[in-house]
Amino acid sequence: MVDVSLGLGTFLSTSKHIFESGNEINDVTVVIGNESCDLDSAVSSIIYAYFLCIRFSEEEKDRNVNNGSIIIPVLNIERKYYPLKTEVKYFLNTNNICEDSIVFRNEIDLVKLHEEKKLKLVLVDHHILPEDLQGLENSVIKVIDHRPIDKKSNWSNEVVIIEPVGSCTTLVADEIIKENKNIMTNENVALLIYGTIILDTYCFSETVKRYTDLDREIVNQCKILGKIDISEDDLFNQLKESKNDVSQLSAPQLLIKDMKTVYNIPISTLTTLAQDFLQKVEAHESIKSHCKEFNASVCIILGVDWHEDVHYRDVYVYYEDDSTDNEAPCEAQQKADFIVQHLIDYSLLDLELIKTIYSGYLFKQKDTTWTRKHVIPVVENACKYFIPQ
Ligand SMILES: [Mn+2]
């Protein structure tokens, strides 16, 4: 087991090192968050794993044994997508947790560990196993979540903590404080929890109202035990800024950062106008490889730009043009045309065609009150009724 007196960063790099070294390991406790890998999921899994590690090493000390077990937090995304989680990367970095010391979902074979009967799984910030991990129920030893209970779940009362608080880290910290308050005096532990709760509750905003008394209480405990001096507002602004900072991202990464898929059609939202994105030299190539990666022949880009208090929106509908003659439109174009027609007829976006560019249509969205939430059902409907000619 890892020596945890050295802090969070060392705990992570050491347990990762032991895991990768191929040494004889009898059991692996994996603490994993949900697939969005937002700050809540990332911090909950890291801090809870650290807490378990301290608990086990104290038990080991008592019994004077080393039983070949290891505890690792796993971020539930592929490593290549980590740069997209800008606020996660920023906040972990500033708390001495570098990317190298993290284990990502594509780097650990949970199913194999389960089959070898070596896996103990802890779910944080979700309580339903994803599709590819169905069948691993027997390995789950603990579930901590703050979302509304999904009726499909039936964990026994001994393993599950589900409470509707603002942030899952609140529940994690609550358990830590009850059992071993000392852990919270680690400055990084306290600050990570403090920042995550602040971000999740929109800094205890009264308009959003996404907090409970327990969130408030844990934040106060973090301040006292971790001797935190940064104000809630300052840290909230830092985290919000880092979340919106896309300056380090490439064009293909911008298309994935905020994306939802509807009937196999990726719909990306940008923080600039699509028109500006399309002017980048690598724009066309990026869109093509984006379609390839998601196995799509049509994709949609929604652009937003803020100028003081006014905002502008535009919509770009792209199709892969694989037609060999110019007479009949290819299937992808027919589909794009059908979607465009739906957006014009059945949505209130009030679209005005600006131009066609790289086998796609660029529209100005004249009613800017409509967002992706409104676009999705229209695209869904179009896909449902589309029949290629
Ligand atoms: Mn959460």
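Notes on the structure in this doc start here.

### A closer look at the sheet that holds strand β1 (residues 27-32)
Link 1 in the chain: Ordered by their spatial adjacency, six strands build an open sheet running β3-β2-β1-β4-β5-β6, and the pairing between neighbours is parallel. Two strands close off the open sheet at either side, each with one partner strand: β3 (103-104) and β6 (160-162).
Link 2 in the chain: Along the sheet face, helix α1 (residues 8-21) touches β2 (69-75) and β3 and points at about 110° away from the line of β2.
Link 3 in the chain: Of the strands in this sheet, β4 (119-124), β5 (140-145) and β6 are in contact with helix α5 (residues 168-180), which crosses β5 at around 120°.

### Let's talk about the coordination of the manganese ion
Link 1 in the chain: Every protein donor of the manganese ion is listed here as Asp 40 (OD), Asp 125 (OD) and His 146 (NE2), and their distances to the metal cover 2.1 to 2.3 Å.
Link 2 in the chain: Each donor residue of the manganese ion lies on one chain, and together they are spaced D-x84-D-x20-H. Of this pair, Asp 125 sits in the loop between β4 and β5 while His 146 is found in the loop between β5 and β6, placing the two residues 21 residues apart along the sequence. As far as the burial class goes, Asp 125 and His 146 line up, both buried.

### Comments concerning unusual backbone geometry
Link 1 in the chain: Phi angles above zero are rare outside glycine, and Cys 37 is one such case at about 50°.
Link 2 in the chain: Secondary-structure assignment places Cys 37 in the loop between β1 and α2 (39-63).
Link 3 in the chain: By relative accessible area, which is 1% here, Cys 37 ends up buried.
Link 4 in the chain: Located in the positive-phi region is Asn 295, a residue other than glycine, with phi close to 55°.
Link 5 in the chain: Among the structural elements, Asn 295 can be located in the loop between α11 (283-293) and β9 (298-307).
Link 6 in the chain: For Asn 295, a relative accessible area of 62% translates into the label exposed.

Conventions we followed
Residues numbered from 1 in each chain as written. Predicted model: local features only at pLDDT ≥ 70, side-chain atom pairs only at ≥ 80, totals over all residues. Heavy atoms only, no water. Pairing = 2+ DSSP bridges. Helix = DSSP H or I, 4+ residues; strand = E, 2+ residues; numbered from the N terminus. Contact = heavy atoms within 4.5 Å. Axes fitted to C-alpha atoms, helices over the stretch in contact; angles between N-to-C directions. Donors = N, O, S within 2.8 Å, 3.2 Å for Na, K, Ca; no water. Buried < 20%, exposed > 50% of the residue type's maximum accessible area, 1.4 Å probe, protein only.

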